[in-house]
Structures are given as structure tokens and as C-alpha cells.
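Now for the letters of each chain:
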Amino acid sequence: MRLQKIKIGTILIRSFQGLLIEDEDRDEGIKVKKCDSLLRGMVVSMDIERNVFTNGYVAITDGLIVDVGDVSECDYIGQQELGGDGHIIIPGLVNVHGHLVQGCMRGMAEGTTFEDRFFGFYYPMTGACDEERSYVSAMPPILDLVRRGVTTTADDHFTHVHKDSIDGVLRAVRDAGIRCRMARLTINDKDAVPEPFRENLDTALAETERVKSKWEDDFTTVTASTIGITYCETDQLKALWEWTVANDRQFDIHAPAVFDQKYLADRRGWKGGSFEWLDNAGILGPNVIAAHAQNLRPGEADLIRDSGATIALVPDMEQVLGLVSFDARQFLERGVTCGLGLDGPVVAYGHDLWTAMRSFLTGQRLGDEYRRRSGDSTSKWTGEEVLWGSAEQALELATIGGAKALMMDDRIGSLEVGKDADLVMIDRRGETQLSPPAAIIPNLVYGNGPSPEAISRVMVRGRAIIKDGEHVSVDRREAIKSLDALQETLIHEVKVERFVRMRSRYNWV
Ligand SMILES: [Zn+2]
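Criteria and thresholds
- Residues numbered from 1 in each chain as written.
- Predicted model: local features only at pLDDT ≥ 70, side-chain atom pairs only at ≥ 80, totals over all residues.
- Axes fitted to C-alpha atoms, helices over the stretch in contact; angles between N-to-C directions.
- Helix = DSSP H or I, 4+ residues; strand = E, 2+ residues; numbered from the N terminus.
- Parallel < 35°, antiparallel > 145°, perpendicular 65-115°, else oblique.
- Left-handed = near helix turned anticlockwise from the far one by under 90°.
- Contact = placed C-beta atoms within 7 Å.
- Core = buried A, V, L, I, M, F, W, Y, C linked by C-beta atoms within 7 Å.
- Buried ≥ 20, exposed ≤ 12 C-beta atoms within 10 Å, placed from the backbone.
- Domains from an automatic or database assignment.
- Nonpolar A, V, L, I, M, F, W, Y, C, P; charged D, E, K, R; others polar.
- Arc of directions from axis to C-beta.
- Pairing = 2+ DSSP bridges.
- Expected span 1.5 Å × (residues − 1).

**Here's the deal with the packing of helix α4 (residues 131-147) against helix α5 (residues 165-176)**
One way to put it is that α4 packs onto α5 with a least axis distance of 7 Å and a crossing angle of 40°. In terms of orientation, α4 lies oblique with respect to α5. For the pair α4 and α5, the crossing hand works out as right-handed. Contacts between α4 and α5 involve E131, E132, R133, S134, Y135, A138, M139, I142, L143 and V146 from the first element and S165, D167, G168, V169, R171, A172, V173 and A176 from the second.

Right, dumping it as C-alpha cells:
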């Protein structure tokens with residue numbers, strides 16, 4: 001047995017060198033298994049034991065992982081063999097919160113108030129997007145995701161002036177080959193939603209069914225939801241939630257949403273918090289995923305834990321907005337499932353999940369310090385403290401955590417036998433910021449990840465959608481050209497010129 005193992009190793013070394021396996025080796029009765037793709041490198045598996053195979057391999061057949069382990073144990077040869085020294089293989093990253101159609105107004109939040117941007121240009125610009133425009137608007141943000149290693153994204157779409165706007169986003173998703181959990185959000189509150197965006201329940205559910213039957217496949221699922229409690233009439237919100245339960249889908253909601261603070265007491269007569277409202281309405285359950293979940297009232301984190309709801313943390317955006325009270329620890333220490341999300345490109349600068357991993361840590365530590373100083377001004381650092389949280393934990397949240405938060409961990413989130421081969425292979429040989437390798441995970445996470453050029457493969461169910469930093473079928477230069485032109489058209493068409501570079505201190509000549 002031992003001899004045979006050594007012999008198999010010999011064959012594999014030869015096969016890695018690109019030599020053909022000769023028949024005489026086979027004649028000796030050695031069983032070498034074939035697979036479609038064999039990837040070698042440091043394998044960060046994210047399995048339950050968090051095994052990292054420093055000289056590991058992943059074998060893939062028919063899009064599924066058929067084996068993972070240390071190279072010395074490998075008895076596979078691949079039809080294609082990739083990686084080797086200097087390569088790192090991690091599970092595909094999972095973005096649990098987004099609004100991809102916002103590509104057309106990327107970064108325009110700078111210098112605006114929430115109401116400036118929401119009513120001023122956000123609704124008008126996205127409201128003018130039909131299927132084709134939404135496709136153009138969503139594609140660069142999708143390419144941001146996949147070129148940095150995201151293989152699964154959630155999306156929340158709520159601008160349905162053109163009912164086919166959501167179809168444009170989903171067509172871009174399909175063309176890019178990324179996995180997507182799309183939530184079609186219904187909004188109709190008179191205070192929070194301009195008239196053309198309001199939908200009645202019958203239309204909303206009929207459209208959700210239409211989108212579901214048109215787009216659902218092995219990579220895309222569609223559910224119904226709303227933006228937040230105060231964006232939808234109460235009975236309709238409950239009906240949307242009931243639809244998700246009946247269809248075994250997630251209910252995705254911003255909580256607390258921005259307008260909750262303004263209207264929950266005024267318009268709904270509710271003095272408590274958003275999670276208390278959801279719980280009181282009988283809605284807070286395991287199929288709820290709540291985005292942001294900051295500034296909670298005492299006891300609400302326990303309510304979330306007891307309900308089994310999951311949280312889409314959005315730390316990078318919170319930090320851009322200066323939310324010094326950011327607190328993910330309240331959930332993680334209670335065992336609440338959390339993933340990391342980016343939110344829409346209007347505020348999610350760079351649209352990069354690696355920055356979210358870093359912001360999860362820096363945001364939490366700033367928040368801890370804020371709470372420490374505001375709660376006990378006499379406490380001070382002794383030099384004995386180990387900072388809470390770690391780069392490893394951040395990478396967990398961006399992979400297996402996100403997969404659990406989207407209830408997809410039976411298929412993705414870790415590199416384990418039987419799961420779909422959704423993974424990222426990084427070639428760190430040209431990455432000066434990732435050398436030397438003793439602290440490789442902290443260097444990846446605090447250093448905002450590998451450069452796109454160093455991402456040699458992004459695979460979704462074994463199919464490469466990125467090769468050596470470039471998308472295999474979408475031309476990013478064309479995508480940029482199209483979006484540049486669309487933004488120019490939209491700004492003039494819906495007359496939002498005053499929001500361009502609002503409050504800029506530069507003289508634009
Ligand atoms: Zn959002």
C-alpha cells in the first residue's frame with residue numbers, strides 16, 4: 001500500500017510537469033483517478049476544522065469538488081492542471097448585500113445628503129433605466145466583484161418604473177457567470193417612495209413570479225422583499241413575507257432602514273426598534289436576512305439570535321458614513337450568522353469585498369474604542385490587549401459566513417468534497433505586498449486583497465469566469481465605454497446636473 005502511494009506520487013509529479021502518463025505505469029495496476037481540473041497551491045478550505053493545506057490540491061469533476069487535501073495524498077490527474085508553487089486557493093467570496101443597478105451613479109453620494117441623493121438623482125436615474133440600460137449600469141459593478149474573487153452576490157432591486165429593469169441586471173449577472181440571489185423589492189409608501197415607483201401587491205407578486213420563472217436556474221434564485229419597514233404598507237409587507245415563506249425563500253430587508261428613524265414612530269405609531277417591530281409583526285424568523293443592523297435598541301440583538309435571522313453586515317459603507325458605533329461583535333458573540341456585503345455602488349466605493357473584510361475589523365475596533373471611551377473614560381490600554389477579531393475571521397465571514405447568511409452553504413462557501421467548485425486561485429508570485437508568506441491571511445485581508453491581475457482563476461461550479469485577471473467573455477473596456485455614455489445620457493435626460501460633483505472644492509474647467 002505504502003509502495004503504491006509512493007508510486008502514485010511519482011506519476012503525479014510527472015503529470016504536473018506536463019508529461020503524459022505512460023501506459024506502462026498503468027499496466028502496473030496503479031489506480032490513478034482522472035478529474036476535469038486539478039488545482040494545486042495553498043488551499044484555505046474553510047471546512048468545519050478550518051484546514052489549510054499548505055501544499056494542497058483541489059480536484060474538480062463536472063463542476064463539483066471531488067477531492068481536497070495535501071498533495072502527498074493526491075491520486076488524481078486532471079485534464080487541465082493549474083497552479084502550483086506560489087498559488088493560493090480560497091472559496092469564492094460571497095457578497096451578501098448590493099444594488100447593482102446603481103452603477104450609473106457610482107460614487108455620486110459624495111457631498112450629498114441622504115435625501116439629496118435618494119430623491120434628487122437616485123430615483124430619477126435608476127427610474128429611467130429599462131432592461132438595456134440596467135444591463136449597462138450593472139455590468140461594471142459585477143465585473144468589480146468577479147475580478148476581485150466574488151462568485152456569489154445578493155442583489156436588492158427596487159426601481160421598477162420599467163418592469164424589465166430587473167431583467168437587465170439578471171441578464172448581466174448571467175452573462176458574467178456569477179451566482180446571484182436576487183430580491184425583487186416592492187415599495188409603495190407615500191412618504192418614502194415617489195409615485196411612479198409605487199406598486200400594488202398584485203402587480204408586485206405577479207412580477208416576482210414572472211422574474212422567478214424567467215431567470216431561476218442552478219445559479220440564480222429570485223425572492224420577494226421590500227427595502228424596509230417604512231417603505232411598504234404594513235399589510236403588504238406581511239403579504240410579501242408570507243410569499244417568501246410559502247416559496248421557501250429569504251426575506252431580505254434593511255433594518256433599521258434610514259427612514260425607519262424618521263417614520264416608524266410618526267407614521268406607524270411604533271416607539272420601539274425595527275427588529276422589535278418585525279418580531280411583533282410575527283415576521284422575524286430564520287428566513288429573514290437583515291442588512292446593516294446597526295444602532296439597535298437594548299435586547300434587539302437577543303431577539304435576532306432567538307429568531308434565527310441572519311445579518312448582512314455592510315462595514316465598508318458604515319465606515320465611509322462615519323458610523324463610529326459599528327458593532328458586528330454583538331452578533332458574532334451571540335452566534336448569529338453574519339455575512340459581509342457592499343451595498344450599492346453609489347456609496348460602495350470600489351465595490352470590493354476585500355475592503356469590506358478590512359473595514360469589518362477596523363470598524364469594529366473603532367466602535368469598541370468609541371464604546372470604551374464613552375462608557376468608561378478611566379479605562380486605558382495596558383499593552384496586554386489582543387485586538388478583537390482577526391483577518392481569518394474576516395475571511396470566514398466573506399466566504400462560509402456569507403454562504404450561510406444566504407442559506408447556500410450546502411453548495412458553496414468552502415472547499416469540501418461534494419460542494420460546487422466555486423473558488424478563487426491567486427498567483428502571489430508577482431505580488432510584492434503578499435511577500436513573505438508567514439502572515440499570508442493578515443496580509444491579504446488588511447492589504448485589501450490581491451491585485452486583479454494576480455487572480456489567475458475565478459471559478460463558478462468549475463467553470464472559469466476569470467482567467468489571469470480578465471473576464472473570459474465580457475470585454476471590460478466596452479462595458480466601461482457603455483456605462484460612461486449611459487451616465488452622460490441619464491444626467492441630462494433626467495436633469496440632475498446639479499448633483500454632479502456637488503459641493504466640490506475644485507474648479508472644474
Ligand atoms: Zn442597501
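**Thoughts on the nonpolar core**
In terms of nonpolar packing, the biggest core is built from 145 residues, with V58, I89, I142, V146, A290 and M357 touching the most fellow members. Residue assignment places this core across two domains, with domain 1 (2-92 + 417-471) and domain 2 (93-405) each supplying three or more. Ignoring sequence-local partners within four residues, the contact set of A290 consists of I253, A255, A309, I311 and A312.

**A few points about the domain arrangement of the chain**
Assigned domains within the chain: domain 1 (2-92 + 417-471) and domain 2 (93-405). Inter-centroid distance (C-alpha atoms) of domain 1 to domain 2 is 34 Å. Each partner contributes residues to the interface: domain 1 has 21 residues there, and domain 2 has 26 residues. Put simply, the parts of the chain that give the side of domain 1 that touches domain 2 at least two residues each are β4 (76-91), α15 (440-446), β14 (455-460) and β15 (463-467). With four residues, the single largest contributor to the side of domain 1 that touches domain 2 is α15. In terms of residue class, the side of domain 1 that touches domain 2 is built from 14 nonpolar, five polar and two charged.

**Regarding helix α8 (residues 258-268)**
Within the span of α8, buried status applies to F259, D260 and L264. Viewed end-on, α8 has its buried residues packed into an arc of 110°, placing them on one side of the element. Facing away from the buried side of α8 by more than 90 degrees, the exposed set consists of A265 and D266. Lining the buried residues of α8 we find α9 (274-280). G269 sits one or two positions beyond α8 and adopts a positive phi of about 65°.

**What about the sheet that holds strand β5 (residues 93-95)?**
On the basis of which strands lie adjacent, the open sheet formed by four strands has the order β5-β6-β7-β8 and parallel pairing. Looking at the sheet topology across the chains shown, the edges are occupied by β5 and β8 (220-225). For this sheet, the mean inter-axis angle between neighbouring strands, taken without regard to orientation, is 10°. Two elements, strand β6 (residues 150-157) and strand β7 (residues 179-185), share six bridges in a ladder whose sense is parallel.

**A look at the environment of E209**
When you line up the elements, E209 lands in helix α6 (residues 201-215). When the C-alpha atoms of E209 and A224 are compared, they prove to be 9.1 Å apart, with 15 residues separating the residues in sequence.

**Description of unusual backbone geometry**
Geometrically, the link from A255 to P256 is a cis peptide bond, its omega value of -15° lying close to zero. Residue P436 is reached from S435 by a cis peptide bond, and omega for that bond is -5°. Inspection of the secondary structure assignment puts P436 in the loop between β13 (423-427) and α15. Despite not being glycine, D248 has its phi angle at roughly 55°, a positive value. With 9 C-beta atoms packed within 10 Å, D248 lands in the exposed category.

**Quick word on helix α7 (residues 234-246)**
For α7, which comprises 13 residues, the first-to-last C-alpha distance of 18 Å matches the rise-based estimate of 18 Å (1.5 Å per residue) to within 8%. Every buried residue of α7 is accounted for by L237, L240, W241, W243 and T244. In a view along the axis of α7, the buried residues occupy a sector of 150°, so they form one face of it. For α7, the exposed residues set more than 90 degrees away from the buried face come down to D235, V245 and A246.

**A closer look at the packing of helix α13 (residues 353-375) against helix α14 (residues 391-405)**
α14 packs onto α13 with a crossing angle of 135° between their chain directions and a minimal axis gap of 9 Å. One way to sum up the angle between α13 and α14 is to call them oblique. Relative to α14, α13 is oriented so that their crossing is right-handed. Together, L353, M357, F360 and L361 of α13 and A394, L395, L397 and A398 of α14 make up the contact between the two elements. Here the contact of α13 with α14 is built from residues that sort into eight nonpolar, no polar and no charged.

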